[in-house]
Amino acid sequence: MTKEDFFKQFKNQSYVEQLKNIPQKFNAIHNEETKISEITIYGVIGTSWWNDSFSASDIDEAVKNAGSNDIIINLNSPGGDAFDGISIFNRLKRHEGKVTIHVDGWACSAASVIAMAADELIMGLGSMMMIHEASNIVWGTKTDMRKEADVLEELEEGIIDIYMTKANVSREDIREKVDAETWFSAKKAVEIGFASKAQGMEAGDPQVPNNTVLNADQKRQILTELNGILKPNNQMKEPSPSSASIVEDKGKGSFNLLKKWR
């Protein structure tokens, strides 16, 4: 399967160019002082996919070297080999330390399976996750194709089992989302139970305002205070304690079989 064939299998082609541009990067840094190992997983998953992928063996070696450290994984991947994704999931689940996964950009296809291994899964701002049907390129008779379809169905059942370790909806709901190829924003990933939280959306996070609505009097008061801070020549002067406290208070507020999977 070529790289172009891999991406053609996505039903939604809207993000294909962005997914193609994910840099291939894998490394692991182990800090014995903090007892934290940081692993970067960027790009395609699977053994020797176009000579620029990483495999389950790479992760196994990195986790072994982590010992009992807590693991932080930075994930950004369009997916790849289904079985490598499943192997990585199971390897991480057996790790004795805490596993935190940050989705920096994309966790599609097999990468979404890896994401399910997290004790804490954090979606970055603007990040997305995608789940979909298992797929393969088959050459042969109608009997060969029917056999392959049976194998793909069994593979999907195992993948759905993995999604159900996190999902807060029914198995049938997840099956429908897999069949349809479903893309989740950070917020939607949290809502369905896949992610623990989305950066910038936690309560009190300064990047997202809360639901506080200022009335007309409060708005006028803020404008009055701001006008008092400015000198006639528009140069700033030192704000009084009362002025600073009012403005500050108002600002608070919100992944052959042959076998490859896309």
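Below or above, wherever it landed, is the structure these notes cover. It should be emphasised that the depicted structure is a prediction, and the values quoted were computed from it without experimental measurement.

About the cut-offs
Residues numbered from 1 in each chain as written. Predicted model: local features only at pLDDT ≥ 70, side-chain atom pairs only at ≥ 80, totals over all residues. Heavy atoms only, no water. Helix = DSSP H or I, 4+ residues; strand = E, 2+ residues; numbered from the N terminus. Areas by Shrake-Rupley, 256 points an atom, 1.4 Å probe, with all protein chains shown as cover. 1 Å grid on protein atoms, 1.4 Å probe; cavity = no way out; pocket = protein on both sides within 12 Å on 5 of 7 lines; lining within 4 Å. Points joined across faces, edges and corners; volume = space filled by probe spheres on them. Nonpolar A, V, L, I, M, F, W, Y, C, P; charged D, E, K, R; others polar. Phe/Tyr/Trp six-rings, centres within 6.5 Å; stacked < 30°, edge-to-face > 60°. Buried < 20%, exposed > 50% of the residue type's maximum accessible area, 1.4 Å probe, protein only. Pairing = 2+ DSSP bridges. Contact = heavy atoms within 4.5 Å. Core = buried A, V, L, I, M, F, W, Y, C linked by side-chain atoms within 4.5 Å. Arc of directions from axis to C-beta. Polar contact = N/O pair within 3.5 Å; in protein donor to acceptor, adjacent residues only side chain to side chain. Salt bridge = Lys/Arg side-chain N within 4 Å of Asp/Glu carboxyl O.

**Regarding the overall build of the chain**
Check the secondary structure of the chain and you find 10 helices and eight strands. Accessible surface computed for the chain: about 13,900 Å², of which carbon and sulfur atoms make up 49%.

**Considering empty space enclosed by the protein**
Space inside the largest cavity adds up to approximately 30 Å³. If you trace the largest cavity, you find it lined by Lys3, Phe7, Leu19, Lys20, Ile22, Gln24, Gly43, Val44 and Pro78. Residue composition of the lining of the largest cavity, grouped by class: five nonpolar, two polar and two charged.

**So, the packing of aromatic side chains**
According to the stated counting rule, one finds five aromatic pairs in the structure shown. Here the aromatic rings of Tyr163 and Phe194 are separated by 5.6 Å at their centres, their planes lie at 40°, and the arrangement is tilted. Here the residue Tyr163 occupies a position in helix α6 (residues 142-163), and Phe194 occupies one in the loop between α8 (186-191) and β8 (197-198), the gap between them amounting to 31 residues. On the numbers, 5.5 Å between centres and 75° between planes, the contact of Phe184 with Phe194 is edge-to-face. Of the two residues, Phe184 sits in strand β7 (residues 182-185) while Phe194 sits in the loop between α8 and β8, which places them 10 residues apart along the sequence. Across this residue pair, the class does not change: Phe184 and Phe194 are buried. Each residue in the set Tyr15, Trp106 and Trp183 is aromatic and connected to the rest through ring pairs, giving one cluster.

**Some thoughts on the environment of Ile86**
Structurally, Ile86 can be placed in helix α4 (residues 82-93). Placed 76 residues apart in sequence, Ile86 and Ile162 show a C-alpha to C-alpha distance of 8.5 Å.

**A short note on the pairing of strand β1 (residues 25-31)**
Across seven bridges, the pairing between β1 and strand β2 (residues 36-42) is antiparallel. Bridge pairing in β2 places Asn27 opposite Thr40. In textbook terms, the turn of a hairpin is the stretch between consecutive antiparallel strands, and for β1 and β2 this stretch comprises four residues, one of which, Lys35, has a positive phi near 60°.

**Concerning unusual backbone geometry**
Excluding glycine, most residues fall at negative phi; most peptide bonds, likewise, are trans. In this structure, Lys35 takes a positive phi of about 60° despite not being glycine. Tracing the backbone shows Lys35 in the loop between β1 and β2.

**Re the side chain of Arg91**
Tracing the chain through its elements places Arg91 in helix α4. Those residues in contact with Arg91 that sit more than four places away from it in its chain are Asp60, Val63 and Lys64.

**Here we look at the nonpolar core**
Of all hydrophobic cores here, the largest spans 48 residues; its most connected members are Ile73, Met116, Leu121, Met129, Tyr163 and Phe194. Ranked by size, the runner-up nonpolar core spans 11 residues in total, among them Phe6, Phe10, Ile22 and Met128.

**Structural notes on helix α3 (residues 56-66)**
Taken residue by residue, α3 has Ala56, Ile59, Ala62, Val63 and Ala66 as its buried positions. All buried residues of α3 lie within an arc of 125° about the axis, which places them on one face of the element. Residues of α3 that are exposed and point more than 90 degrees away from the buried face comprise Ser57 and Lys64. Taken together, the buried residues of α3 touch β1, β2, β3 (70-77) and α4. Looking at where α3 begins, the residue whose side-chain oxygen comes 3.2 Å from the main-chain nitrogen of Ser57 is Ser55. Directly after α3, the chain includes Gly67, whose backbone phi takes a positive value near 60°.

**Here we look at the pattern of salt bridges**
A complete count under the given rule lists 11 salt bridges for this structure. Of the charged contacts, one joins Asp60 and Arg91 as a salt bridge, the two residues approaching to 2.7 Å between their closest N and O atoms. With Asp60 in helix α3 and Arg91 in helix α4, this pair connects stretches of sequence that are 31 residues apart. Look at the salt bridges and you will find they share partners, linking Glu157, Asp161, Arg171, Glu172 and Arg175 into a network.

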